[in-house]
Structures are given as structure tokens and as C-alpha cells.
Amino acid sequence: QVQLVESGGGSVQIGGSLRLSCAGDTKRRLYMGWFRQAPGKEREGVAVIYTGGSTYYADSVKGRFTISRDNAKSTVYLQMNSLKPEDTAIYYCAAGLSTPSRNRVFAPSEYNFWGQGTQVTVSS
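The paragraphs below set out a description of the structure included in this document. All residue numbers refer to positions counted from 1 along the written sequence of the respective chain. In view of the model being predicted, local features appear only for residues whose pLDDT reaches at least 70, and side-chain atom pairs are presented and counted only at 80 or more, with totals across whole chains, interfaces and linings using the full set of residues. Think of the side-chain values as coming from all heavy atoms in the structure, minus any hydrogens and water.

### Points about the nonpolar core
Here is step 1 of the chain: In plain words, nonpolar cores are sets of buried Ala, Val, Leu, Ile, Met, Phe, Trp, Tyr and Cys residues tied together by side-chain atoms within 4.5 Å. Buried, partly exposed and exposed residues are distinguished by accessible area as a fraction of the type maximum, computed with a 1.4 Å probe on protein chains only: under 20%, between the cut-offs, and over 50%, respectively. Ranked by internal contacts, the top residues of the largest apolar core, which has 29 residues, are Met 32, Trp 34, Leu 78, Met 80 and Tyr 91.
Here is step 2 of the chain: Numbered from the N terminus, helices here are DSSP runs of H or I no shorter than four residues, and strands are runs of E no shorter than two. Of all elements in the fold, only β3 (18–24), β4 (31–37), β5 (44–49), β7 (65–70), β8 (75–80), β9 (89–96) and β11 (118–123) reach the threshold of two or more residues within this core.
Here is step 3 of the chain: The leading source of residues in this core is β9, at 4 residues.
Here is step 4 of the chain: What Tyr 91 contacts, discounting residues up to four positions off in sequence, is Glu 6, Leu 20, Trp 34, Phe 35, Arg 36, Val 46, Phe 65, Leu 78, Met 80, Gly 117, Thr 118 and Val 120.
Here is step 5 of the chain: Core analysis: the second largest hydrophobic core is formed by 8 residues, Phe 35, Val 48, Tyr 56 and Val 105 among them. Residue contacts follow a heavy-atom distance rule, with two residues in contact if any of their heavy atoms lie within 4.5 Å.

Quick look at the structure:
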């Protein structure tokens, strides 16, 4: 079992920045991802980082969000810049045991472990 704990969410104005953290047993050979879910919408993938360091981003966040990992601290980060109201959601950290194919990196079913989520609210 892998426990993941997110932190860093909060309220921010349009154009602002937040950094989310996900603390867990990330030293293991896991691929890690960030997902989000807005009210009334399905959970969607935001960013993924493989054990080798490869990263993938949803088109909606490319150029604004950056995922990174610090294995020494067992932490994965999501730096979010130029935030927009449509970024408002609960953000979840997730970890998977088996690397998915490229077209499955944002499929929630490919992830085995999930954090409890942290709220991000972007407003004017």
C-alpha cells in the first residue's frame, strides 16, 4: 500500500500561482500523476511524471503547469502558474505500479493509489 498526502491547495486570484505537493513513498518505481475534478465533471489528468523523468501534460495546462519529483524527499510537485478560473477543482495525486502506454497516461484506471485531494480555487 502506498499512502499519498497532498498539500498546497488554496484560493488564488486569476493569474496567480500555487504549488501543490504530494508526499508519499515516491522512491519506489512508481509513475506519478496529478488529476483534478471540478464539480459536475469527470476526473481528468493534468500532468504525469515517469520514473525516468519523462513528463506529459494535458493540453489545457501546457506551458503553465510543471510537474517534478524529488525522490530524496519522497515528494512530487505541481507548480501551477497563470491560473485561470477553469483550473478550479479538487486536485488529486496518484501513483501507478505499471507504466501505461502513452495514450493511457491520463486514464484514472491506470493508477493504483490516490491521495485525498486538495482544493484549488481561482477567482477574480
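Moving on from the model shown.
### Quick notes on the packing of aromatic side chains
Here is step 1 of the chain: Note on aromatic contacts: the rings of Phe and Tyr and the six-membered ring of Trp form a pair at centre separations within 6.5 Å, being stacked when their planes are under 30 degrees apart, edge-to-face when over 60 apart, and tilted otherwise. Taken as a whole and judged by the stated rule, the model has 6 aromatic pairs.
Here is step 2 of the chain: Taken together, the aromatic side chains of Tyr 31, Phe 35, Tyr 50, Tyr 56, Tyr 111 and Trp 114 make up a single cluster linked through ring pairs.
Here is step 3 of the chain: Note that Arg 43 overlies the ring of Tyr 92, its terminal NZ or CZ placed 3.8 Å from the centroid.
Here is step 4 of the chain: Two conditions define a charge located above a ring, namely a distance within 6 Å from the ring centre to NZ of Lys or CZ of Arg, and an angle within 35 degrees of the ring normal. Positioned above the aromatic ring of Trp 114, the side-chain terminus of Arg 43 is 4.8 Å from the ring centre.

### Regarding the side chain of Asp 87
Here is step 1 of the chain: Structurally, the position occupied by Asp 87 is in the loop between β8 and β9.
Here is step 2 of the chain: Among the polar contacts made by the side chain of Asp 87, one reaches the side chain of Arg 64 at a distance of 2.8 Å.
Here is step 3 of the chain: If we skip the residues at most four places from it in the chain, Asp 87 touches Arg 36, Arg 64, Phe 65, Ser 82, Val 120 and Val 122. Definition of a polar contact: a pair of N or O atoms within 3.5 Å, with one able to donate and the other able to accept a hydrogen when the atoms are protein atoms, and with sequence-neighbouring residues admitted only if both atoms are side-chain atoms.

### With respect to the sheet that holds β3
Here is step 1 of the chain: What makes two strands pair is DSSP finding at least two bridges between them. Read from one edge to the other, the open sheet built from 4 strands follows the order β1-β3-β8-β7, with strand pairing classed as antiparallel. In this open sheet, the two strands that pair with only one neighbour each are β1 (4–7) and β7. Within this sheet the neighbouring strands show an average axis-to-axis angle of 15 degrees, counted without direction.
Here is step 2 of the chain: Here β1 runs beside β3; their pairing, made up of 4 bridges, is antiparallel. Bridging across to β3, Ser 7 finds its partner in Ser 21. To define axes, lines are fitted to C-alpha atoms, for helices over the stretch in contact only, and angles between the resulting N-to-C directions are given on a 0 to 180 degree scale.

### A few points about unusual backbone geometry
Here is step 1 of the chain: The backbone of Ser 74 sits at a positive phi, close to 55 degrees, despite the residue not being glycine.
Here is step 2 of the chain: Taking relative accessible area as the criterion, Ser 74 reaches 16% and is therefore assigned buried.
Here is step 3 of the chain: Even without being a glycine, Ser 82 presents a positive backbone phi close to 50 degrees.
Here is step 4 of the chain: Its place among the elements puts Ser 82 in the loop between β8 and β9.

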